[in-house]
Amino acid sequence: MSLTISFMYLSETFNSTNIEIESDLFGFEICRKELWGNQKLRDLGCIIIPKLNESDLYIINDNLQTTYKDCQTILKNINEISLVTNYSAEFIEFRINNLLKFIEVAISNKHDLGINIS
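Residues numbered from 1 in each chain as written. Predicted model: local features only at pLDDT ≥ 70, side-chain atom pairs only at ≥ 80, totals over all residues. Heavy atoms only, no water.

A. Here's a closer look at the sheet that holds strand 2 (residues 25-28). Sheet architecture is open: 4 strands sit in the order 2-1-4-3, paired in antiparallel fashion. Only two strands of the sheet have a single partner each, and these edge strands are strand 2 and strand 3 (57-59). Ignoring which end each strand starts from, the neighbouring axes of this sheet average 20° apart. Sheet topology places strand 1 (residues 2-9) next to strand 4 (residues 113-117); 5 bridges connect them, and they run antiparallel. Across the sheet, the residue bridging to Tyr9 is Leu113, located in strand 4. Against the sheet, helix 5 (residues 89-108) touches strand 1, strand 2 and strand 4, its axis set at about 145° to strand 2. (Pairing = 2+ DSSP bridges. Helix = DSSP H or I, 4+ residues; strand = E, 2+ residues; numbered from the N terminus. Axes fitted to C-alpha atoms, helices over the stretch in contact; angles between N-to-C directions. Contact = heavy atoms within 4.5 Å.)

As structure tokens, then:
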């Protein structure tokens with residue numbers, strides 16, 4: 001199975017017809033533990049993304065900004081994370097950039113959208 005990113009609609013009146021995201025992929029199911037749940041991410045200060053190891057993520061409101069910071073931390077330390085997890089920097093970067101695209105849309109529609117990773 002694959003991990004995917006999707007929007008959670010917090011408002012029934014929100015019009016999602018203009019939202020187009022190229023890829024919703026966030027890795028394989030095993031990435032929960034080996035990559036996103038790796039202790040290295042916690043050591044670097046990531047807060048939200050490592051919780052994927054325990055359960056699906058439901059990201060709303062202020063947690064959108066915290067998740068954005070997690071993504072920036074991962075990109076800043078991508079080579080170090082790659083060495084520890086044995087996932088290529090390209091693999092990690094592709095998935096983090098997918099999440100950043102969702103976060104950008106959700107932050108600009110913060111009262112109407114959240115993000116689910118499952």
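We are not done yet, so read on.
B. Representation of the nonpolar core within the structure. With 34 residues, the main nonpolar core has Trp36 and Ile115 as its most contacted residues. Among the elements that make up this core, the one with the highest residue count is helix 5 (10 residues). Apart from the residues lying within four places of it in its own chain, the contact partners of Ile115 are Ile5, Ser6, Phe7, Met8, Leu57, Tyr58, Ile59, Leu64, Leu99, Phe102, Ile103 and Ala106. (Core = buried A, V, L, I, M, F, W, Y, C linked by side-chain atoms within 4.5 Å. Buried < 20%, exposed > 50% of the residue type's maximum accessible area, 1.4 Å probe, protein only.)

C. Region of the structure containing helix 4 (residues 78-85). Listing the buried residues of helix 4 in full gives Ile78, Ile81, Ser82 and Thr85. Seen from one end, helix 4 has its buried residues packed into an arc of 105°, which puts them on one side. Structural note: helix 4 exposes Asn79 and Leu83 on the side pointing more than 90 degrees away from its buried face. Buried-residue contacts for helix 4 involve helix 1 (31-36), helix 2 (39-43), helix 3 (62-76) and helix 5. (Arc of directions from axis to C-beta.)

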